[in-house]
Amino acid sequence: MWTADEIAELCYEHYRSRLPKQGKPDPSREWTSLAAVVKVESAANEAGSAGLGSLQAKEVVALGTGTKCIGLNKMRKTGDVLNDSHAEVVAKRSFQRYLLHQMRLATSYQQCSIFIPGTETGKWKLKPNIIFIFFCSHTPCGDASIIPIRETENHLSKSVDGHDIAGQSVLCSSSNCDHRGPEDKRKSEKMASSHMIKRMKNADGGFFSTITEDMAVQQVFAKPEGNVNPECCESSEEMQAANKETNAGKLKAVDVYRTGAKCVPGELSDTLIPGIEYHCVGLLRVKPGRGDRTCSMSCSDKLARWNVLGCQGALLMHFLQYPVYLSAVIVGKCPYSQEAMQRAVIERCRHISLLPDGFLTQEVQLLQSDLQFEHSRQAIQEGQTSSKRKLVPCSAAISWSAVPERPLDVTSDGFRQGTTKKGIGSSQSRSKICKVELFHEFQKLVTSISKENLPDTLRVKTLETYWDYKEAALNYQEAWKALRSQALLGWIKNAQEYLLFM
């Protein structure tokens with residue numbers, strides 16, 4: 001068996017001992033987030049499945065660090081830039097690179113592969129004694145980060161810092177404050193001068209201001225932004241339960257940890273009312289950018305998608321009889337809510353129906369470790385109690401995959417670290433996990449297999465572009481369509497023009 005702490009320590013030790021200094025933060029002034037995929041392989045019995053009490057081999061097969069995204073204006077139609085460099089996404093793309101390598105081993109009939117032949121021509125499936133566990137050092141940004149803060153003395157401080165649970169900025173920006181008219185602004189200013197302002201600790205050890213609990217005043221602070229669904233914007237069950245406990249003398253929920261991820265444009269929006277109703281829960285969100293908005297969905301939303309469609313993506317689904325699902329998601333030591341994780345990753349998609357064979361909403365195990373990541377924002381702050389230097393997120397992202405050729409990849413601003421403006425567009429500038437590089441690896445896999453051994457979806461017609469190959473994965477696209485139409489309405493898809501590269 002394995003424990004959450006055991007998986008966390010395995011990932012931390014891999015980061016410490018297997019990765020060079022390149023791409024890691026300078027702990028005197030920088031922090032980062034970490035995510036990884038761990039393979040757990042049990043000793044198989046004669047039938048090939050894992051026996052009860054069998055020995056388990058645990059191995060990190062993919063790892064990622066990072067906290068940043070590029071904006072819409074930096075996206076490229078050539079597929080050679082990483083749009084999203086949050087640790088969870090970097091780890092997942094690094095995992096896809098590992099899966100592609102394992103499929104190459106399988107199709108060349110090497111027994112060391114994690115895949116075995118399926119029942120359909122050209123199709124493969126995961127060995128029954130292998131599972132994968134996803135680890136992230138912080139609660140994923142977006143819906144899973146909206147966690148109640150309970151009233152307690154150690155939430156008070158004189159300093160203020162505007163960062164959410166995953167280190168994203170939550171300071172009021174033009175996109176979420178300009179909707180207030182002059183009257184609203186005057187009321188908020190009046191409220192600020194006539195009511196006590198508490199300094200509430202955020203999830204990464206910083207602080208933000210919140211007004212104390214006169215709800216009659218709070219209600220006039222801000223008009224709801226965009227379309228607000230009253231039912232959606234009710235406090236979560238956890239927050240309501242926390243407030244009911246007040247009569248029994250227990251701590252009351254007075255606010256929520258803020259997420260920097262913004263509601264999808266044109267869909268339902270947050271109320272922005274100070275206190276526990278500031279955020280609406282269960283909504284799709286996009287990651288914040290610096291000025292230029294991003295098209296990257298929050299990590300909470302992406303985990304919910306992976307929990308139905310699998311982590312392998314559309315391309316590898318051509319070769320797989322079943323999706324590659326995660327058996328567990330473990331979060332490191334940080335502010336955490338089991339209810340929020342359950343809601344964000346599982347509950348939003350539980351009702352999905354009419355999925356193609358093999359696809360389903362997983363009851364993935366959700367756990368938390370008591371071990372803190374050494375380069376997390378909170379850990380760096382705790383070690384810098386006397387320093388007044390401002391901490392910033394590390395600009396680099398590290399990708400590592402358990403593959404024989406160039407397993408390590410360090411990027412900045414979507415390209416390999418050290419790339420100059422003149423070098424952008426060259427093969428040397430590309431990350432090994434950008435779309436075009438993974439596509440080229442997939443094409444090498446396809447051309448290495450004789451036509452009679454290819455799956456039907458790759459034999460029916462001539463496919464050329466990245467878009468062509470993705471769309472030809474019919475069962476995956478059918479599942480994705482069902483998921484979008486029934487649960488993840490408003491999901492921002494990349495325009496086709498960004499997917500037509502070869």
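The structure this text deals with has already been given above.
### Considering the overall build of the chain
No. 1: From N to C terminus, the chain includes 13 helices and 20 strands.
No. 2: Counting only residues that meet the buried cut, the chain has 54% of its 502 residues in that class.
No. 3: Long-range pairs, those at least 24 residues apart, make up 72% of the contacts in the chain with a sequence separation of at least 6.
No. 4: Accessible surface computed for the chain: about 22300 Å², of which carbon and sulfur atoms make up 50%.

### Here we look at the packing of aromatic side chains
No. 1: Summed over the entire model, instances satisfying the criterion amount to 15 aromatic pairs.
No. 2: Ring geometry for F134 against W306: centres 6.0 Å apart, planes inclined by 65 degrees, an arrangement best described as edge-to-face. Separated by 172 residues along the polypeptide, F134 in strand β8 (residues 130-136) and W306 in helix α7 (residues 299-309) bring together distant segments of the chain.
No. 3: Directly above the ring of Y278 sits R258, whose terminal nitrogen or CZ lies 3.8 Å from the centroid.
No. 4: Positioned over the ring face of W480 is R484, at 4.9 Å from the centre of the ring.

### Points about helix α13 (residues 474-486)
No. 1: Look at α13: 18 Å from first C-alpha to last across 13 residues, which is about the 18 Å you get at 1.5 Å a residue.
No. 2: Buried within α13 are the following residues: Y476, Q477, A479, W480, A482 and L483.
No. 3: The elements touched by buried residues of α13 are α7, α8 (313-317) and α12 (466-471).

### Regarding the sheet that holds strand β18 (residues 396-401)
No. 1: Within the open sheet, the eight strands sit side by side as β16-β15-β8-β2-β3-β18-β19-β20. Their pairing is mixed. The open sheet is flanked by β16 (365-368) and β20 (415-416), the only strands paired with a single partner.
No. 2: Strands in contact with helix α2 (residues 87-107) are β2 (34-42), β3 (56-65), β8 and β18; relative to β3, the strand with the most contacts, it is inclined by about 125 degrees.
No. 3: With respect to the sheet, helix α9 (residues 338-346) is in contact with β15 (328-331) and β16, its orientation differing from that of β16 by roughly 145 degrees.

### A word on α7
No. 1: Counting buried positions over the 11 residues of α7 gives 11, a clear majority of the element.
No. 2: Restricting attention to buried positions, one finds in α7 the residues C299, S300, D301, K302, L303, A304, R305, W306, N307, V308 and L309.
No. 3: At the exit of α7 stands G310, carrying a positive phi of roughly 90 degrees.

### Examining the side chain of D84
No. 1: In this fold, D84 is placed in strand β5 (residues 84-86).
No. 2: Looking at D84, its side chain comes within polar contact range of the side chain of K287, at 2.4 Å.
No. 3: Among the polar contacts made by the side chain of D84, one reaches the side chain of K302 at a distance of 2.8 Å.
No. 4: The residues touching D84, leaving out its near neighbours within four places in the chain, are K68, C69, V89, V90, K287, S296, M297 and K302.

### A few points about the environment of I346
No. 1: Assignment of secondary structure puts I346 in helix α9.
No. 2: With relative accessibility at 0%, the residue I346 sits in the buried group.
No. 3: Along the backbone, I346 and L303 are 43 residues apart, and their C-alpha atoms lie at a distance of 8.9 Å.
No. 4: Once residues within four sequence positions are removed from consideration, I346 is found in contact with N307, M341, T361, Q362, E363, V364 and L366.

### Re the pairing of β15
No. 1: Side-chain alternation along β15 places A328 and I330 on one buried face and V329 and V331 on a second face that is also buried.
No. 2: When β8 meets β15, the two strands line up parallel, connected through four bridges. Within β15, the position partnered with F135 by the bridge is I330.
No. 3: For β15 and β16, the ladder comprises four bridges, and the chain directions are parallel. Residue pairing for β16: A328 is matched across the bridge by Q365.
No. 4: Regarding the hand of the β-α-β motif, the stretch spanning β15, α9 and β16 is right-handed.

### Brief notes about the packing of α7 against α13
No. 1: Packing of α7 against α13 leaves a shortest axis separation of 10 Å and a crossing angle of 130 degrees. As summarised for this structure, α7 and α13 are arranged oblique, according to the angle between their axes. As for the relative orientation of α7 and α13, their crossing is right-handed in sense. Between α7, through R305, V308 and L309, and α13, the contact on the second element is made entirely by Y476, A479, W480 and L483.

### Quick word on the nonpolar core
No. 1: Core analysis: the largest hydrophobic core is formed by 113 residues, its most contacted members being F95, M103, F115, F132, F134, F319 and F442.
No. 2: With nine residues, α2 is the single largest residue contributor to this core.
No. 3: Counting residues in hydrophobic clusters, the runner-up holds five residues, among them I146, V256, L272 and V281.

### Quick look at the pairing of β3
No. 1: Where β2 and β3 come together, nine bridges link them in antiparallel fashion. In the strand pairing of β3, V37 is matched with A62.
No. 2: In terms of strand pairing, β3 meets β18 through three bridges, oriented antiparallel. Looking at β18, one finds that A62 is bridged to S401.

Calculation notes
Residues numbered from 1 in each chain as written. Predicted model: local features only at pLDDT ≥ 70, side-chain atom pairs only at ≥ 80, totals over all residues. Heavy atoms only, no water. Helix = DSSP H or I, 4+ residues; strand = E, 2+ residues; numbered from the N terminus. Buried < 20%, exposed > 50% of the residue type's maximum accessible area, 1.4 Å probe, protein only. Contact = heavy atoms within 4.5 Å. Areas by Shrake-Rupley, 256 points an atom, 1.4 Å probe, with all protein chains shown as cover. Phe/Tyr/Trp six-rings, centres within 6.5 Å; stacked < 30°, edge-to-face > 60°. Lys NZ or Arg CZ within 6 Å of the ring centre and 35° of its normal. Expected span 1.5 Å × (residues − 1). Pairing = 2+ DSSP bridges. Axes fitted to C-alpha atoms, helices over the stretch in contact; angles between N-to-C directions. Polar contact = N/O pair within 3.5 Å; in protein donor to acceptor, adjacent residues only side chain to side chain. Right-handed = clockwise from strand over helix to strand, strands pointing away. Parallel < 35°, antiparallel > 145°, perpendicular 65-115°, else oblique. Left-handed = near helix turned anticlockwise from the far one by under 90°. Core = buried A, V, L, I, M, F, W, Y, C linked by side-chain atoms within 4.5 Å.

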